[in-house]
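Descriptive analysis of the structure
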Amino acid sequence: IALWPLFSGDVQVESLSLVGADIALEQAADGSANWDFAAPVESGASEGEGGGEGAFDLQLDSFTIAESRIRYIEAGDELAAIDAIEAELALGSLSGPFSAVGTAEVNGLPVGFDVGVGNLDSAPELALRLTTDVGNGEVAIDGSLADGGFTGTVVVAAADGRALAEAAGLGGTGLPGGKIAVYT
């Protein structure tokens, strides 16, 4: 942790590593979730009151994740798993920009990713590139998020569209083999 920013109430973490983590995000049948850390609202106060005091900002220069996994479990059933996570993340501040580069296996599908999100205080720019060895697939998203919508381009391409669709759990049996490309 950098010392100088602490004097102005900011936290700057120069480097942090997470190795061998097994993170389970669980949502119970009643809707409660183990990732909900919201403090209870005091009686007589409405949500959002009293947030100005003690506010700080966080900057994370380098956050490395290795040999880790994240599982999403709903009402006891594992619905999604991200395994073999190897990633480098950075956080300019709590409102952005954010970046992440790495590899993982999403429900068994090998995926490479390169994500960048701009500052959330304005209409954030979004750049996302996902690649997979299956069918030599690639998804690229480039644009901005504003007013609850997305403006930009989406490109899906693969040397073998059927293999990519099947690996992603989208069926694919009705797709012809060979190259596919979809642009919006």
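Residues take numbers from 1 onward in each chain, read along the sequence in its written order. Only residues with pLDDT of at least 70 get local features here, since the model is predicted, and only at 80 or more are side-chain atom pairs given and counted; chain-wide, interface and lining totals rely on the full set of residues. Processing note: side-chain calculations cover all non-hydrogen atoms of the structure and skip hydrogens and water entirely.

1. Things to note about the overall build of the protein chain
- Assigned secondary structure in the protein chain consists of one helix and 11 strands.
- Element order for the protein chain, N to C, with α for helix and β for strand: β-β-β-β-β-β-β-β-β-β-α-β.
- Counting over 184 residues, the protein chain shows a buried share of 24%.
- Residue burial considers only the protein chains on display, and all accessible areas are found by Shrake-Rupley using a 1.4 Å probe. Looking at the protein chain as shown, the accessible area adds up to about 11,700 Å², and 57% of this sits on carbon and sulfur atoms. Helical segments are the DSSP runs of H or I of at least four residues, strand segments are the runs of E of at least two, and each set is numbered from the N terminus. Note on exposure labels: buried denotes an accessible area under 20% of the residue type's maximum, exposed denotes more than 50%, and partly exposed covers the range between, all computed with a 1.4 Å probe on protein chains only.

2. Let's talk about the nonpolar core
- Only buried Ala, Val, Leu, Ile, Met, Phe, Trp, Tyr and Cys residues count toward a nonpolar core, and they belong to the same one when joined by side-chain atoms within 4.5 Å. Of all hydrophobic cores here, the largest spans 10 residues; its members are V13, L60, F63, I65, I85, A87, L91, A100, A104 and F113.
- Listed by contribution, the elements that provide at least two residues to this core are β4 (57-74), β5 (77-91) and β6 (98-106).
- When residues no more than four places from it in sequence are discounted, the contact partners of L91 are L58, Q59, L60, P97 and F98. It only takes one pair of heavy atoms within 4.5 Å for two residues to be counted as in contact.

3. Here's the deal with the confidence of the model for the protein chain
- When pLDDT is averaged along the protein chain, the result is 81; 84% of the residues meet or exceed 70.
- When mean pLDDT is compared element by element in the protein chain, strand β2 (residues 16-19) scores highest at 95, while strand β11 (residues 180-183) scores lowest at 72.
- Across the chain, each position has a pLDDT score giving the predictor's confidence in that residue, from 0 to 100. Note on residues 47-52: pLDDT is under 50 here. Beyond four places in sequence and across chains, it has one contact.

4. Describing the side chain of S68
- Residue placement: S68 occurs in strand β4.
- Throughout this description, a polar contact denotes any pair of N or O atoms lying within 3.5 Å of each other; where both atoms belong to protein, one of them has to be capable of donating a hydrogen while the other can accept it, and for residues adjacent in sequence the pair is counted only when both atoms sit in side chains. At 3.4 Å, the side chain of S68 and the backbone nitrogen of G20 are in polar contact.
- Polar contacts involving the side chain of S68 include one to the main-chain amide nitrogen of A21, which spans 3.0 Å.
- Once residues lying within four places of it in the same chain are set aside, the contact partners of S68 are L18, V19, G20, A21, I82, D83, A84 and I85.

5. A word on the pairing of strand β8 (residues 125-132)
- Pairing of strand β7 (residues 109-117) with β8, which is carried by six bridges, proceeds in the antiparallel orientation. When the bridges of β8 are listed, V115 appears paired with L128.
- At least two DSSP bridges between two strands are needed for those strands to be called paired. In this sheet, strand β9 (residues 137-146) lies alongside β8 in antiparallel orientation, the contact comprising eight bridges. Its bridge partner lying in β9, L126 is registered against G143.

6. Details of the packing of aromatic side chains
- A pair of Phe, Tyr and Trp rings is counted when the ring centres sit within 6.5 Å of each other, with Trp represented by its six-membered ring. The angle between the planes then sorts it: under 30 degrees is stacked, over 60 is edge-to-face, the rest tilted. All chains considered together, the criterion is met by one aromatic pair.
- Summarising the aromatic geometry, the rings of W35 and Y72 are spaced 6.2 Å apart at their centres and angled 50 degrees between planes, so their arrangement reads as tilted. Highlighted residues: W35 in the loop between β3 (22-27) and β4 and Y72 in strand β4, separated in sequence by 37 residues.
- Taking the relative accessible area as the measure of exposure, W35 reaches 37% and is therefore partly exposed.

7. Re the side chain of R71
- As for its position among the elements, R71 is in strand β4.
- At a separation of 3.1 Å, a polar atom in the side chain of R71 contacts the side chain of D22.
- Excluding its chain neighbours within four sequence positions, the residues that come into contact with R71 are D22, I23, A24, L25, E78, A80 and A81.

8. Concerning a nonpolar patch on the surface
- Together, I1, L3, W4, L6 and F7 make up an exposed nonpolar region whose accessible area comes to about 690 Å².
- With respect to the helices and strands, the residue I1 is situated in the segment before β1 (10-13).
- Judged by its relative accessible area of 68%, I1 is exposed. Within this analysis, patches are made of residues with over 30% relative accessible area and no salt bridge. Like charges are joined at 9 Å or less; nonpolar side chains (Val, Leu, Ile, Met, Phe, Trp, Tyr) at 5 Å or less. Here, a salt bridge means any side-chain nitrogen of Lys or Arg that lies within 4 Å of a carboxyl oxygen of Asp or Glu.

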